[in-house]
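# Examining the three-dimensional arrangement
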Amino acid sequence: MIKVKNKIGVPKYQQIVFSIEKAIIRGKLKKGDQIPSINSIREANGLSRDTVLMAFNELKTRGIIQSVVGKGYYVTSENIDVKQKVLLLFDELNAFKEDLHNAFINNLGEGIEVDIYFHHFNLHVFNKIIEDNNGNYNHYIIMPANLENTDAILKKLPDDKVYILDQMPEELKKYPGIYQNFKQDMFNNLNRAYEHIKKYQKLVLAFEPKKQPKGMLDGFIMFCEHKSLAYSVLDSLQNKTPEKGELYIIPDDKNLLRIIKRMRNNELVLAKDIGVISYNDALLKEIVEGGITTISTDFKAMGERLAKMISNNENFQIENPNHLILRQSL
């Protein structure tokens, strides 16, 4: 099944890969079948163990074979057109992450397969996903959110296969990726909206420390103190009744809907009695209450640029653009 020849201009490990691919195409190997062992291939062809292992690792990262401890290697996919496999680890799924994901998938070259996972801001889940998939992918795209000690977990992966997405903490700056500058983006965009903001007596930031980037909080406080504005920070608006003269900066959609509902119940008028700035733009925010002002990065651009990085094996750190979109809610 596996024949390796000398002096034909094709690396020996690649000949092993081609042989297994050919066996799958011809139906000699099917999903679930065991392939010859490393030692049997090594002995039959006079090769080093490392040469055979290099071939197996390539097939493994493409998802074609998988190892079973104590038993050997088995065919897990008959799709040999997959040339690269990418693990995409998000914190959670929402509308704008879906935009990012779709833009990424739609701009990848042929032969690249993507598996998506979610850690839901849980360090144990984050660690298990990395451990269970170490060695199974060509690239690992990681959205660490604000989880702590992710650098120790990511050290288990080869440095040249890891990309960081969205938040770029100091300890992960050795990796390439695309990130948001949350502190500066918050400060700059609030500053751009200052002429609309200054009519309010107090700014209220809904900030959940477990989920929201700390830079967002830092930028908010920096702006309020720079402009000498009264402010408060609440981890939830679940029990908050909006009061006239307040401006709410709301990163998550659940709290956004709570404030809009209570505003109506208390007969407050948006942009006259209270103001609202949401984070991360979505189609719904163009429509709700005549339009909600947002501070948002371009998730479509992030996905497109990420696809280019993966396709070209680029090794950069790129700050994704961020914009203020003024609507009726101010």
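Residues numbered from 1 in each chain as written. Predicted model: local features only at pLDDT ≥ 70, side-chain atom pairs only at ≥ 80, totals over all residues. Heavy atoms only, no water.

An unreviewed UniProt entry lists the chain under the name GntR family transcriptional regulator, from Hyunsoonleella aquatilis.

Below, the discussion takes up the sheet that holds strand β14 (residues 322–325). Sheet architecture is open: 6 strands sit in the order β9-β8-β10-β11-β12-β14, paired in mixed fashion. Each of the sheet's edge strands pairs with one partner strand only, and the pair in question is β9 (231–234) and β14. The average angle at which neighbouring strand axes cross in this sheet is 15°, direction not considered. In the packing of helix α7 (residues 182–192) onto the sheet, contacts are made with β8 (202–206), β10 (246–250), β11 (275–279), β12 (293–297) and β14, and the angle to β14 comes to roughly 30°. (Pairing = 2+ DSSP bridges. Helix = DSSP H or I, 4+ residues; strand = E, 2+ residues; numbered from the N terminus. Axes fitted to C-alpha atoms, helices over the stretch in contact; angles between N-to-C directions. Contact = heavy atoms within 4.5 Å.)

Turning to helix α1 (residues 12–25), a few remarks are in order. Its 14 residues place the ends of α1 20 Å apart at the C-alpha level, agreeing with the 20 Å of an ideal helix rising 1.5 Å per residue. Taken residue by residue, α1 has Q14, Q15, I16, V17, S19, I20, E21, A23 and I24 as its buried positions. On its buried side, α1 packs onto α2 (38–45), α3 (49–61) and β2 (72–75). In the stretch just after α1, G27 is the one whose phi turns positive, near 85°. (Expected span 1.5 Å × (residues − 1). Buried < 20%, exposed > 50% of the residue type's maximum accessible area, 1.4 Å probe, protein only.)

Within this numbering scheme, the UniProt entry marks residues 10–78 as carrying the feature "domain: HTH gntR-type" (unreviewed entry). Counting secondary structure, residues 10–78 comes out at 51% helix and 12% strand; the distance between its end C-alpha atoms is 23 Å. (UniProt positions renumbered as here; feature names shortened; annotations may be inferred.)

When its volume is computed, the largest pocket comes out at roughly 550 Å³. Considering the residues around the largest pocket, the lining is formed by 28 residues, among which E92, N94, Q212, P251 and D252 are closest to the centre. Contributions of two or more residues to the lining of the largest pocket are made by α4 (95–106) and α10 (253–265). Per-element accounting of the lining of the largest pocket gives the leading share, 4 residues, to α10. (1 Å grid on protein atoms, 1.4 Å probe; cavity = no way out; pocket = protein on both sides within 12 Å on 5 of 7 lines; lining within 4 Å. Points joined across faces, edges and corners; volume = space filled by probe spheres on them.)

Let us now look at the sheet that holds strand β6 (residues 162–166). Taken in spatial order, the 6 strands of this open sheet run β4-β3-β5-β6-β7-β13, and their pairing is parallel. Each of the sheet's edge strands pairs with one partner strand only, and the pair in question is β4 (112–118) and β13 (317–319). Averaged over all neighbouring strand pairs, the angle between strand axes comes to 20°, with direction disregarded. In this structure, strand β3 (residues 84–90) lies alongside strand β5 (residues 139–142), joined through 4 bridges in parallel fashion. Across the sheet, the residue bridging to L87 is Y140, located in β5. Strand contacts of helix α5 (residues 123–133): β3, β4 and β5, with the helix running at about 170° to β3, the strand carrying the most contacts.

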